[in-house]
Each structure stands twice: as C-alpha cells, then as structure tokens.
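A structural walkthrough
Spelled out, the chains give:
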Amino acid sequence: GTPDSDLMFIGEGPGYQEDHQGKVFVGRAGQLLNRILETMLDRDRSRVYITNIVKCHPMKDPSNPEKRGNDRPPTDEEVLKCSPILTEQIRIIKPLVICALGGPSARYFLKTDRGINSLRGKVYEINPVPQEPEYSVKLVPTYHPAYLLRNPSAKKLTWEDIKIVMKIIGLKTG
C-alpha cells in the first residue's frame, strides 16, 4: 500500500496464498477485504496500507509448505520477533486509524487476552510506537475477513465497525 495512507489494516500473519505470492491478503480473505475497501470505503488497496503482525507464514507443519490447511496462529515469540518491523511500518506511515483485523491483531495492540467479540465496536486510543510517546492513533478492531467467510452473519457487525473507521477518516457513512 501507500506510505501516505491515513488508514492501516493489520491482520495476523500470511497464509498459504500470501506465502506463495509474497503479498498480503491475496487469498479469499484478501478478495473480501478488497470488496470491503471498495464498497464501504470507496478505496482500492493502493490507497490504504495493509500488513500483518508477523511477516512469515506460521505453519503447523513447516516441513510441508505446500500443504493446505497448514496455517496456525503465530506464537508469542514470533510476534515478539516481528514487532519491531511492524512498529517501524507504523512509525513511517503514521496513520490516523488502524483497523485491527481479528482477535490476534486486536490483542497485540491492546495487550489483552479478551476475544474479538468483546473488543470490536469500540475505538481505542493507543501509542503503537513506544519510541515516540507523543504519537497516538485510533484503533478499531473488527472481524478478520477469513472469519467473515466462515461466518457471514458477522458481516453486519463488521459494517458497523467500518462505519466507525469511515467517521474517523472523514467519510460519509450513508
């Protein structure tokens, strides 16, 4: 995405498609995220910045990267190792709002073990760049697009979350 974006979407980690193509959110979940961007925010992905907490594909069985269904959540150690990269991305871009896609992303920023159901629907003011204590950003957690593919009924709640994002960045919500 563009480093001039006022909006960042941050997921958990690359999956099979992302690992094989070297790009973020290119599988089915990425296609749904593209539709969310275009329909709700009237933007394509070139006008936002999309990344993940961890930069490598967390696999259940790393000896078989061609295996489908091999994804797993990143470990705390993997998150810790990748966090300086994510912090630097945020420091460079300085978005107005971060949309945390899914529970792992929201929990990373909010330093909590609460689930996405209790975190979404709210705006949190956070400092994601500790070396710049004066910098803060609004964090809006919502469901991960992969979750929406499995649970289409959550799309309505996601729409409510995206309307919060739209308001923060100055877009009309209909």
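Heads up: these notes are all about the structure in this document. (Residues numbered from 1 in each chain as written. Predicted model: local features only at pLDDT ≥ 70, side-chain atom pairs only at ≥ 80, totals over all residues. Heavy atoms only, no water.)

1. Some thoughts on the sheet that holds strand S3 (residues 97-101)
Spatial ordering of the open sheet is given by S2-S1-S3-S5-S4, a layout of 5 strands whose pairing is mixed. The open sheet terminates on both sides in strands that have one partner only, identified here as strand S2 (49-52) and strand S4 (124-126). Strand-to-strand, the axes of this sheet are offset by a mean angle of 30°, without reference to chain direction. For strand S1 (residues 7-11) and S2, the ladder comprises 4 bridges, and the chain directions are parallel. Each residue of the ladder has a partner; that of Phe-9, found in S2, is Ile-50. Where helix H7 (residues 155-168) meets the sheet, its contacts fall on S1, S3 and strand S5 (137-142), and the angle it forms with S5 comes to roughly 165°. (Pairing = 2+ DSSP bridges. Helix = DSSP H or I, 4+ residues; strand = E, 2+ residues; numbered from the N terminus. Axes fitted to C-alpha atoms, helices over the stretch in contact; angles between N-to-C directions. Contact = heavy atoms within 4.5 Å.)

2. Details of the side chain of Asn-70
The residue Asn-70 is located in the loop between S2 and helix H3 (76-93) in this model. Every residue in contact with Asn-70, bar those within four places of it in the chain, is listed here: Pro-58, Met-59, Lys-60, Asp-61, Asn-64 and Pro-65.

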